[in-house]
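Examining the three-dimensional arrangement
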Amino acid sequence: MGKPTGFLEYQRLSEAYAPVAERLKTYKEFVLRLTDEQAAVQGARCMDCGIPFCNNGCPVNNIIPDWNDLVFRGQWRQALETLHSTNNFPEFTGRICPAPCEAACTLNINSDAVGIKSIEHAIIDKAWEEGWVQPRPAAVKTGKKVAVVGSGPAGLATAQQLARAGHDVTVFEKSSRIGGLLRYGIPDFKMEKGLIDRRVAQMEAEGVSFRTGVLVGSETVPAGIVNDAKEFISAEALKKDFDAVVLAAGSEVPRDLPVPGRELAGVHFALEFLIPQNKANAGDGPNPISAEGKHVVVIGGGDTGSDCVGTSNRHGAVGVTQFELLPMPPEQENKSLTWPYWPVKLRTSSSHEEGCERDFAVATKEFIGENGKVKALKAVRLEWKDGKMVEVPGSEFEVKADLVLFAMGFTNPLGSLLDAFGVTKDARGNAKATTDGVGCYATSAEKVFAAGDVRRGQSLVVWAIREGRQCAREVDQFLMGSTVLPR
């Protein structure tokens with residue numbers, strides 16, 4: 001694929017970023033897309049490697065060598081069709097996917113991987129600019145009705161696939177806008193929300209109905225989970241009115257840290273900070289939590305923690321410190337040992353580059369307050385022995401902390417939602433549903449299916465899209481007795 005000798009002739013060119021000083025003034029995206037010419041050269045680097053491990057490294061099994069070759073040859077519209085054949089929303093994954101496909105790239109064994117993610121980004125952005133992305137309504141309607149609970153990437157992918165199969169699909173969302181954590185959990189500087197709006201418009205033209213501000217299944221939502229609902233629909237009513245129900249509500253329960261001082265003002269879950277900021281950027285009122293002039297401590301070293309770092313710096317924080325429980329990973333993986341699998345290595349995000357002190361193998365022991373507000377954090381250093389963490393004697397220390405953000409991941413979906421539908425849970429509290437054999441994605445409740453994080457637990461956007469597409473196929477098979485939807 002690409003140019004036979006391209007991988008020998010051309011170096012990898014990564015997407016450029018706007019300067020730090022410039023991008024900290026705004027919440028706009030700052031990644032500069034490759035030009036058509038640059039993307040063609042990067043596509044030329046794709047090897048005729050025989051077995052495209054990138055294809056299997058990608059959860060949606062993107063046909064990567066094909067669209068790399070098409071971009072190299074200037075056949076952009078055909079590249080779009082190939083990309084869309086496996087991925088409903090490449091503008092999302094082209095921005096926020098960590099690119100496991102690149103880790104699996106054959107060229108990555110002893111060189112720099114093909115810039116797959118940047119080429120995907122270039123294809124879909126060019127397609128929107130050229131007007132190539134158009135609604136694809138079904139030619140024939142089936143008369144079957146499907147309810148999708150949750151409008152994140154799994155719910156959107158499910159809904160679009162089922163609408164294109166001819167079913168009448170209604171998406172229910174408890175927030176005031178569509179998108180789930182795509183809209184509210186991911187900062188605008190990583191993905192502007194107009195990208196979601198234009199997909200929603202496309203899906204509406206394809207026959208999908210959206211109902212926002214609607215809470216399904218249970219009238220109560222635990223602390224730490226944002227709820228804009230002004231309307232409630234019971235599980236029984238939904239099952240009565242629809243021929244099938246798909247639960248795609250995500251994994252929303254945040255992991256807490258119950259140490260002394262947890263109750264102090266200024267200690268928050270990450271989404272209590274990020275969601276209001278995204279709402280503020282959309283003109284829905286100010287963020288009640290400000291990092292301006294504060295010493296911010298982010299607990300958790302993943303993507304959500306990085307998002308907290310970037311947002312805090314845009315607020316004007318005095319300083320940001322990020323703690324991670326695990327030891328500092330190596331800067332470079334042992335490729336001969338890890339390839340083609342996702343390697344554990346030190347990953348420095350654009351938000352870290354904007355200003356952040358990172359500390360590893362640290363456990364938080366206590367929050368220290370003054371007049372009911374957090375002022376400092378007491379921590380201890382850790383050693384990891386035989387997979388177990390052990391506190392290092394005499395290593396206790398304190399750091400200033402006017403704002404503490406928990407970014408330690410999510411434990412499970414809302415149990416009350418699954419209970420309302422009578423869905424059996426697995427050992428981790430997720431909806432129990434298999435992805436193998438007969439009845440994939442079907443739960444223990446009649447005509448109720450589950451896809452995305454609500455079934456698999458906290459995961460990537462690209463995995464949610466995969467599950468949404470596969471679940472749609474199973475629902476179509478359930479309703480019609482056969483299906484032509486791709487798996």
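It should be emphasised that the depicted structure is a prediction, and the values quoted were computed from it without experimental measurement. (Residues numbered from 1 in each chain as written. Predicted model: local features only at pLDDT ≥ 70, side-chain atom pairs only at ≥ 80, totals over all residues. Heavy atoms only, no water.)

Things to note about the side chain of T170
Among the structural elements, T170 can be located in strand β4 (residues 168-173). Not counting residues within four places of it along the chain, the set of residues in contact with T170 comprises V146, A147, V148, S209, R211 and F242. (Helix = DSSP H or I, 4+ residues; strand = E, 2+ residues; numbered from the N terminus. Contact = heavy atoms within 4.5 Å.)

Observations regarding the sheet that holds β4
Spatially, the five strands line up as an open sheet ordered β5-β4-β3-β8-β20, and their pairing is parallel. At either end of the open sheet lies a strand with only one pairing partner, and these are β5 (209-212) and β20 (448-450). The sheet shows a mean angle of 20° between the axes of neighbouring strands, taken without regard to direction. Direction of pairing for strand β3 (residues 145-149) relative to β4: parallel, over a ladder of five bridges. Across the sheet, A147 pairs through a bridge with T170, a residue of β4. (Pairing = 2+ DSSP bridges. Axes fitted to C-alpha atoms, helices over the stretch in contact; angles between N-to-C directions.)

A word on the nonpolar core
Ranked by internal contacts, the top residues of the largest apolar core, which has 68 residues, are I123 and V475. Sorting elements by how many residues they give to this core places helix α20 (residues 461-480) first, with eight residues. Excluding its chain neighbours within four sequence positions, the residues that come into contact with I123 are W67, V71, W76, A79, L80 and L83. Counting residues in hydrophobic clusters, the runner-up holds 22 residues, among them F172, A235, L417 and V454. (Core = buried A, V, L, I, M, F, W, Y, C linked by side-chain atoms within 4.5 Å. Buried < 20%, exposed > 50% of the residue type's maximum accessible area, 1.4 Å probe, protein only.)

A look at the side chain of S151
By the secondary structure assignment, S151 is in the loop between β3 and α10 (153-164). S151 gets classed as buried once you look at its relative accessible area, which sits at 1%. Within the structure, S151 has its side chain in polar contact with the side chain of E173 (distance 2.7 Å). Engagement of the side chain of S151 in a polar contact is seen with the backbone nitrogen of G179, the distance being 2.9 Å. Those residues in contact with S151 that sit more than four places away from it in its chain are L156, V171, F172, E173, R177, I178, G179 and G180. (Polar contact = N/O pair within 3.5 Å; in protein donor to acceptor, adjacent residues only side chain to side chain.)

Describing the sheet that holds strand β18 (residues 403-406)
Strand order in the open sheet formed by five strands is β10-β18-β11-β12-β13, and the pairing between neighbours is parallel. The open sheet has two edge strands with one neighbour each: β10 (267-269) and β13 (357-360). Going from strand to strand, the sheet's axes swing by 20° on average, the running direction of each strand aside. Here strand β11 (residues 295-299) pairs with β18 via four bridges, running parallel.

Observations regarding helix α5 (residues 64-72)
Burial analysis of α5 places seven of its nine residues in the buried class, which makes it a mostly covered element. Turning to α5, its buried residues number three or more, namely I64, P65, W67, N68, D69, L70 and V71. Check the buried side of α5 and you find it contacts α3 (36-44), α4 (53-57), α6 (76-84), α8 (100-103) and α9 (116-130). Two residues or fewer after α5 comes G74, characterised by a positive phi angle close to 80°.

Things to note about the packing of aromatic side chains
For the coordinates displayed, the defined rule picks out nine aromatic pairs. An angle of 65° between the planes, with centres 4.7 Å apart, marks the rings of F53 and W339 as edge-to-face. Here the residue F53 occupies a position in helix α4, and W339 occupies one in the loop between α16 (335-338) and α17 (350-353), the gap between them amounting to 286 residues. The class of F53 is partly exposed, set by a relative accessible area of 29%. Between the aromatic rings of F269 and F406, the centroid separation amounts to 6.1 Å while the plane-to-plane angle is 75°, which identifies the pairing as edge-to-face. (Phe/Tyr/Trp six-rings, centres within 6.5 Å; stacked < 30°, edge-to-face > 60°.)

Here we look at the environment of F7
By the element assignment, F7 lies in helix α1 (residues 6-9). If sequence neighbours within four positions are ignored, F7 has contacts with A44, R45, M47 and L107.

With respect to a nonpolar patch on the surface
On the surface, a nonpolar cluster with roughly 350 Å² of combined accessible area is contributed by L325, L326, W384 and M389. Given the relative accessible area of 30%, W384 is considered partly exposed. (Patch = residues over 30% accessible without salt bridge, like charges linked within 9 Å, V, L, I, M, F, W, Y side chains within 5 Å. Areas by Shrake-Rupley, 256 points an atom, 1.4 Å probe, with all protein chains shown as cover. Salt bridge = Lys/Arg side-chain N within 4 Å of Asp/Glu carboxyl O.)

A short note on the layout of surface pockets
Estimates place the volume of the second largest pocket at around 240 Å³. Every residue lining the second largest pocket is counted, 15 residues in all, and those nearest its centre are R164, A165, V484, L485 and P486. Elements that contribute at least two residues to the lining of the second largest pocket include exactly α10 and α20. At three residues, α20 tops the list of elements feeding residues into the lining of the second largest pocket. Classifying every residue of the lining of the second largest pocket by side-chain character gives five nonpolar, six polar and four charged. (1 Å grid on protein atoms, 1.4 Å probe; cavity = no way out; pocket = protein on both sides within 12 Å on 5 of 7 lines; lining within 4 Å. Points joined across faces, edges and corners; volume = space filled by probe spheres on them. Nonpolar A, V, L, I, M, F, W, Y, C, P; charged D, E, K, R; others polar.)

A word on unusual backbone geometry
Here the residue pair W339 and P340 is connected by a cis peptide bond, since its omega of 5° sits within 30 degrees of zero. Note that P340 resides in the loop between α16 and α17. Non-glycine residue Y441 carries a positive phi angle of around 70°. When you line up the elements, Y441 lands in the loop between α18 (415-421) and β20. Taking relative accessible area as the criterion, Y441 reaches 1% and is therefore assigned buried.

Side note on the pattern of salt bridges
Under the defined criterion, the tally for this structure stands at 30 salt bridges. With a shortest N-O distance of 2.7 Å, K193 and D188 are connected by a salt bridge. Like D188, K193 is buried. Salt bridges linked by common partners bring R23, R314 and E354 together as one network.

Points about the packing of α5 against α6
When two helices pack together, their arrangement is given by the angle between the helix axes and by the axis-to-axis distance. Two elements in contact, α5 and α6, have axes separated by 8 Å at closest approach and are oriented at 165°. In terms of axis orientation, α5 runs roughly antiparallel to α6. Read as a crossing pair, α5 and α6 show a hand that is left-handed. Residues D66, W67, L70 and V71 of α5 form the contact with α6, whose participating residues are W76, Q78, A79, T82 and L83. The class makeup of the residues in the contact of α5 with α6 is six nonpolar, two polar and one charged. (Parallel < 35°, antiparallel > 145°, perpendicular 65-115°, else oblique. Left-handed = near helix turned anticlockwise from the far one by under 90°.)

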